[in-house]
Amino acid sequence: LTLAERESRRFNELLDLEYALRVGRNAATAAKALEYAERSKELFERHPSFQTGLEYYRIALRSRDLANDPRGAILIAIEAEEFLRAHQHLSSRSYSGEFALNRVASSFHIGDLAGGLEAAKICSESFTIGTNNWFITKQYEFLLSMHSRDFVRARQIYYDVTGDPRFISQPDHAREK
């Protein structure tokens with residue numbers, strides 16, 4: 001089991017390198033990511049543990065991102081959220097937030113307003129107000145609210161974000177969004 005967990009972690013680290021070194025979308029990188037996801041899934045199925053599962057879902061989610069497959073990313077994120085609920089004693093809010101935030105972003109990119117807002121609720125429960133992930137979530141939640149024509153909600157998000165003490169320390173490009 002320990003070797004499987006290490007191997008799964010190694011796939012994730014290799015994918016981190018691929019992700020960091022890529023310039024734009026690259027078919028070879030996407031193919032390699034899908035291969036790592038498949039190999040990681042096999043490890044998880046042969047050696048089921050919380051760690052091999054977590055690594056698999058992270059790799060699978062990133063592989064869908066590299067393959068420009070937001071619908072696939074949403075499905076993986078939902079599976080990951082179910083996995084985390086089944087292992088609550090080993091999980092943390094940050095893990096739930098990690099997958100929900102990916103679901104928010106993917107939902108926005110395909111125009112799934114309801115799905116994105118549902119995932120944003122999970123993010124709100126997962127991230128502490130004023131943290132970087134909270135600001136990122138609020139950015140997408142604001143955009144989803146605007147696109148769904150819920151201007152009252154969008155205005156409240158705007159006031160919540162701009163009223164946060166850490167707002168002024170956000171980079172210029174983040175404050176503009």
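Structure: see above.
Owing to the predicted nature of the structure, the values given are computational and were not obtained by experimental measurement. (Residues numbered from 1 in each chain as written. Predicted model: local features only at pLDDT ≥ 70, side-chain atom pairs only at ≥ 80, totals over all residues. Heavy atoms only, no water.)

K.L.:
What exactly am I supposed to notice about the pattern of salt bridges here?
P.N.:
Inspection of every chain in the model, using the stated rule, returns six salt bridges. Here Arg 58 ties to Glu 98 by a salt bridge, and the two come within 2.8 Å at their closest N and O atoms. Residue Arg 58 is located in helix α3 (residues 50-66), and its partner Glu 98 is located in helix α5 (residues 93-110); the two are separated by 40 residues in the primary sequence. Residue classification places Glu 98 among the partly exposed positions, given a relative accessible area of 25%. Linking Glu 141 and Arg 153 is a salt bridge whose minimum nitrogen-to-oxygen distance equals 2.7 Å. (Salt bridge = Lys/Arg side-chain N within 4 Å of Asp/Glu carboxyl O. Helix = DSSP H or I, 4+ residues; strand = E, 2+ residues; numbered from the N terminus. Buried < 20%, exposed > 50% of the residue type's maximum accessible area, 1.4 Å probe, protein only.)

K.L.:
Would you mind showing me how to read α5 here?
P.N.:
The periodicity of an α-helix, 3.6 residues per turn, causes residues three or four places apart in sequence to face the same way. Under the 1.5 Å per step criterion, the end-to-end length of α5 is 26 Å for 18 residues, consistent within 8% with the ideal 26 Å. Among the residues making up α5, those that are buried are Gly 97, Phe 99, Ala 100, Leu 101, Arg 103, Val 104, Ala 105, Ser 106 and Ser 107. As for α5, its buried residues are in contact with α3, α4 (70-86), α6 (113-126) and α7 (132-147). (Expected span 1.5 Å × (residues − 1). Contact = heavy atoms within 4.5 Å.)

K.L.:
What's the story with the packing of aromatic side chains in this structure? I'm lost.
P.N.:
Aromatic ring pairs: the centre-centre distance and the angle between the two ring planes describe each pair. Going through the model one piece at a time under the given rule, you end up with ten aromatic pairs. Aromatic side chains Phe 44 and Tyr 57 sit 6.2 Å apart centroid to centroid with 65° between the ring planes, which places their arrangement in the edge-to-face category. Linking Phe 44 in helix α2 (residues 27-46) with Tyr 57 in helix α3, this pair joins segments that are 13 residues apart in sequence. Tyr 57 carries the same exposure label as Phe 44, and that label is buried. When the centroid spacing of 5.8 Å and the interplanar angle of 50° are considered together, the rings of Phe 50 and Tyr 95 count as tilted. Residue Phe 50 is found in helix α3, and its partner Tyr 95 is found in helix α5; the two are separated by 45 residues along the sequence. Among the residues examined, Phe 50 registers a relative accessible area of 10% and is labelled buried. (Phe/Tyr/Trp six-rings, centres within 6.5 Å; stacked < 30°, edge-to-face > 60°.)

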